[in-house]
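# Summary of the model geometry
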Amino acid sequence: MNKILLYSAAVLSLGLTSCLQAHVTDDPMGEVLPADGLDIEVTTDKPGSNMVILKCNTPGVIPYWETPTGKSTRMCDTIIAPFTGDFKVTFVGLCGGGASSAIEKTVKIERFDYEIDPWYVMFAGETGSKKWVWDPNPGRGGSGCYGSGGYGWSPDVPNWGGYNVGDEGIYADEYLVFDLNGGANVTLHRHDGTEQKGTFAFNKSVSSDRAALAPCFRNGEPTGQGWLGSVTLTGTTVPNGNLEWGEGPARPEFEIAVLSADEMVLIQYMGSPILCDPNWATGSTHWCFVREGVE
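Keep in mind that this is a model prediction, so the values were computed, not measured.

## Remarks on the packing of aromatic side chains
- Evaluation of the coordinates by the stated rule reveals 20 aromatic pairs.
- Their ring planes at 70 degrees and their centres at 5.0 Å tell us that Phe-123 and Phe-178 sit as a pair that is edge-to-face. Taken together, the positions of Phe-123 in helix α2 (residues 118–124) and Phe-178 in strand β12 (residues 175–179) put the pair 55 residues apart, joining distant regions of the chain.
- Note on Trp-134 and Tyr-146: the rings are 6.3 Å apart at their centroids and 75 degrees apart in plane angle, and the pair reads as edge-to-face.

And the structure:
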């Protein structure tokens, strides 16, 4: 994990080759298949490797895989595990009669034969753990490290109303720690000294209108890539995990407006998800963080 590299063509080719045997048929099925009637495989390409291969070999079944790094509905999928230890997979088969009972399988990851997704390095650091704190100087014409903006009109910091570190609810000693110690983990450290542990997963798909937005880094330079996708926190949330305007607690999925090794801006819409609402009636809540040590 000393370097951030994208997956090579060779890795993708290997993953695709591993999945060539999978297929889907249109045979109708009017009953729920028992778990022991489903033929699935969860393997690594070599013992201990961090390439995990998922296969559903039962025709007519729609697969639903849940893994530590996200979900999949492919008959065959290849995942590059970003951590060592147990990689646990849950499978449910969907057919004409409904959903099967869940099947759980685990493979052991012992080493990184393949470079992991660089987003994991940005979130959790090159040593496998990173502490994210409130941004003390978010800049960009904003009004604080937390607050409200226009959904899409405010592509990075809150500029409709905001709070700075030390203001009510924005505690300097509340922070997030992302780590890759046996899983894609995230822990919220609260002001009262308690901790709330959970996991995180990415979704890199982004609509064309979100990709066309123009957020900036905290030094004022454009990121040059619009919004990036989203991160879902399961089992925990962010510091001051509430939407503005009394809209209630934050949802698990946060859109990623800015992400680098040193800074992160997360956004959620409020009310309706109308991006760049022509009536300026759709708001958003913004959370701005930096890596510990960044001033």
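## Quick look at a nonpolar patch on the surface
- Residues Trp-153, Trp-160, Trp-245 and Trp-280 make up a contiguous nonpolar surface patch of roughly 470 Å² in combined accessible area.
- Tracing the sequence through the fold places Trp-153 in the loop between β10 (146–150) and β11 (161–163).
- You can call Trp-153 partly exposed: its relative accessible area is 36%.

## A closer look at the pairing of strand β18 (residues 283–291)
- Of all 9 residues in β18, 8 are buried, a share of seventy percent or more.
- Two strands pair when backbone bridges link them, and strand β9 (residues 129–134) and β18 are joined in this way by 3 bridges, in the antiparallel orientation. In the strand pairing of β18, Trp-134 is matched with Phe-289.
- Inspection of the sheet shows β10 paired to β18 by 5 bridges, in the antiparallel sense. For Ser-148, the partnering residue across the bridge sits in β18 and is Thr-285.
- Of the pairings in the sheet, the one linking strand β17 (residues 263–270) to β18 comprises 8 bridges and is antiparallel in character. Considered in β18, the bridge of Met-270 is made with Gly-283.

## Details of the state of the cysteines
- For the coordinates displayed, the defined rule picks out 0 disulfides.
- Cys-288 provides the cysteine sulfur closest to Cys-145, a residue in no disulfide bond, and the two sulfurs are 6.7 Å apart.
- Classification of Cys-145 as buried rests on a relative accessible area of 0%.

## Points about unusual backbone geometry
- Positioned with a positive phi, Arg-140 is a non-glycine residue whose angle comes to about 60 degrees.
- Structurally, Arg-140 is set in the loop between β9 and β10.
- Look at Trp-280: it is not a glycine, yet its phi comes out positive at around 55 degrees.
- Mapped onto the elements, Trp-280 comes out in the loop between β17 and β18.

## Description of the pairing of β12
- Counting buried positions along β12 gives 5 out of 5 residues, so the element sits mostly inside the fold.
- Burial of the side chains of β12 extends over both faces: Tyr-175, Val-177 and Asp-179 are buried on one face and Leu-176 and Phe-178 on the other.
- Note: β9 against β12, 5 bridges, orientation antiparallel. Within β12, the position partnered with Ser-129 by the bridge is Asp-179.
- Bridging between β12 and strand β13 (residues 185–189) involves 5 bridges; their strand directions are antiparallel. The residue of β13 that forms the bridge with Leu-176 is Leu-188.
- A loop of 5 residues connects β12 with β13, the two strands running antiparallel in sequence, and Gly-182 in this loop sits at a positive phi of about 80 degrees.

Calculation notes
Residues numbered from 1 in each chain as written. Predicted model: local features only at pLDDT ≥ 70, side-chain atom pairs only at ≥ 80, totals over all residues. Heavy atoms only, no water. Phe/Tyr/Trp six-rings, centres within 6.5 Å; stacked < 30°, edge-to-face > 60°. Helix = DSSP H or I, 4+ residues; strand = E, 2+ residues; numbered from the N terminus. Patch = residues over 30% accessible without salt bridge, like charges linked within 9 Å, V, L, I, M, F, W, Y side chains within 5 Å. Areas by Shrake-Rupley, 256 points an atom, 1.4 Å probe, with all protein chains shown as cover. Salt bridge = Lys/Arg side-chain N within 4 Å of Asp/Glu carboxyl O. Buried < 20%, exposed > 50% of the residue type's maximum accessible area, 1.4 Å probe, protein only. Pairing = 2+ DSSP bridges. Disulfide = S-S within 2.5 Å.

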